[in-house]
Every structure is written in C-alpha cells, then in structure tokens.
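These are the residues of each chain, in order.
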Amino acid sequence: DAGITQSPRHKVTETGTPVTLRCHQTENHRYMYWYRQDPGHGLRLIHYSYGVKDTDKGEVSDGYSVSRSKTEDFLLTLESATSSQTSVYFCAISESERGEQYFGPGTRLTVT
Amino acid sequence: GIQVEQSPPDLILQEGANSTLRCNFSDSVNNLQWFHQNPWGQLINLFYIPSGTKQNGRLSATTVATERYSLLYISSSQTTDSGVYFCAPRGTVANSKLTFGKGITLSVRP
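Right, let's walk through the structure included here.

Thresholds applied
Residues numbered from 1 in each chain as written. Chains lettered and ligands numbered in written order. Predicted model: local features only at pLDDT ≥ 70, side-chain atom pairs only at ≥ 80, totals over all residues. Heavy atoms only, no water. Phe/Tyr/Trp six-rings, centres within 6.5 Å; stacked < 30°, edge-to-face > 60°. Helix = DSSP H or I, 4+ residues; strand = E, 2+ residues; numbered from the N terminus. Buried < 20%, exposed > 50% of the residue type's maximum accessible area, 1.4 Å probe, protein only. Disulfide = S-S within 2.5 Å.

### Considerations on the packing of aromatic side chains
Enumeration over the complete set of coordinates arrives at 12 aromatic pairs over all chains. A ring pair is formed by Tyr64(A) and Tyr89(A), whose centres lie 5.9 Å apart and whose planes are at 65°; its orientation type is edge-to-face. Here Tyr64(A), found in the loop between strand 6 (54–57) and strand 7 (65–70), pairs with Tyr89(A), found in strand 9 (residues 87–94); they are 25 residues apart in sequence, far enough to count as distant. Looking at Tyr64(A), the relative accessible area reads 8%, which means it is buried. Overall, the relative accessible area of 0% leaves Tyr89(A) in the buried class. Aromatic pair Phe35(B) and Phe100(B): ring centres 5.5 Å apart, planes at 25°, arrangement stacked.

Below, the structure is given as structure tokens:
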C-alpha cells in the first residue's frame with residue numbers, strides 16, 4: 001500500500017471556524033490531490049499540487065485553500081467552514097501527471 | 001470536461017455469480033482507473049487501464065478507448081466484493097484530471 005496518511009480522521013467543527021486537514025506521504029511522489037466525496041457525486045477534485053509551492057484549482061475549489069511547503073505534506077484549509085463543506089475528504093498522490101493515483105484513508109468532516 | 005456514466009447504478013448478486021460493470025466516457029482518454037470502495041470507505045486500486053485488457057485474479061478489465069468505454073468483470077463473486085466501484089478516466093485535453101463516475105453499488109449475498 002502507498003504510504004499516505006491523513007489527519008485528523010474525523011472532525012466535528014462549528015460553522016465559521018477555520019479547519020486544516022493534513023495529508024502526509026512517504027513515497028516522494030511529485031503530485032498530490034485533494035478530493036471531496038458526497039452522496040451522488042462520486043469524488044470531485046478540490047485542488048492539486050505538482051510540486052513544492054506549486055498548486056492549482058480543481059473543479060470545486062471555492063472556499064478552500066491549499067499549501068505545500070514540503071514534498072511530503074499537502075494541507076487543505078477551510079478558512080471559514082460552512083455546512084455545505086460537510087463531506088469526506090480524500091488525499092491522493094501520483095508519481096507523474098498521468099500516473100496512477102493512490103488514495104489515503106479519508107477524513108470525515110462535519111460542520112454543524 | 002469529460003463526462004462519465006457508469007451502469008448499472010446498483011447490482012445485487014448471489015455469491016458465486018459473475019458480473020460486468022460498464023463505464024462510458026465522452027472523450028478520448030490517456031488514463032483510466034478502476035477503484036473499489038469497501039464498506040469502510042477505503043479506496044482500493046483495481047486497475048490502471050487506458051487501453052487493452054488486464055487481469056488480476058477473479059477480476060479483469062477491458063478498455064476500448066476508440067469506442068469510449070471500459071468494462072470491469074468480476075467472476076465467482078464473494079461477499080468481500082461488496083462496495084462501490086468507480087471508474088475514473090482522464091481526458092487528453094491539456095490540464096485534464098481524473099474525472100470520477102458516480103459509482104456502481106454492488107451487494108453480494110451469501
């Protein structure tokens with residue numbers, strides 16, 4: 001299994017509070033991704049990174065920001081959480097842009 | 001972006017039965033992955049198959065890129081095969097990323 005961990009695994013927070021989710025990899029892969037999974041939508045890309053300090057938006061990026069200061073860590077921040085951001089968040093990694101993606105265990109976030 | 005349609009949306013099998021899961025996509029692709037999401041939510045890589053046929057034990061997959069579809073075959077199904085199956089193609093247009101279908105929910109009954 002690819003060495004990908006996510007923290008926290010579960011979080012409950014209140015509307016309006018900031019939240020940061022962390023993805024950590026031990027594979028030294030260049031590409032990292034954040035997805036959200038909601039019923040009826042499959043997985044949708046939020047943001048991705050193609051190197052240290054190199055990031056770009058995905059399909060559903062509004063309300064989210066990311067940072068990557070080291071190869072192994074990719075952070076997803078919700079500056080002011082809303083109930084619509086209640087979801088399961090998955091991190092993924094790949095060696096190259098077209099390479100096979102591997103997923104972390106997911107973080108279940110509930111915004112009350 | 002690329003459109004992805006998976007069918008059927010739900011499937012119920014008796015243990016030991018065979019099944020075929022289908023993924024149609026709207027554009028040319030240079031990458032396609034199949035995943036199994038188990039009942040605990042973990043996403044497991046099944047195949048990386050932009051074209052051709054691959055086999056792994058009881059599972060096999062075929063992608064016919066020219067006709068814009070991919071098939072996942074499950075033979076002699078087991079209860080542990082239950083879960084949701086996703087296909088995710090990546091289009092050839094510059095800056096394309098994996099696009100997930102809505103998934104096929106499989107229930108295998110003992």
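### What about the state of the cysteines?
The full count for this structure, using the stated rule, is two disulfides over all chains. Paired by a disulfide, Cys23(A) and Cys91(A) hold their sulfur atoms 1.9 Å apart. Taking the torsion about the sulfur-sulfur bond, which here is approximately -70°, the covalent link between Cys23(A) and Cys91(A) counts as left-handed. Of the two residues, Cys23(A) is situated in strand 3 (residues 19–25) and Cys91(A) in strand 9; the sequence distance between them amounts to 68 residues. Across the pair, exposure class does not vary: Cys23(A) and Cys91(A) are buried alike. Paired through a disulfide, Cys23(B) and Cys87(B) show a sulfur-sulfur distance of 1.9 Å.

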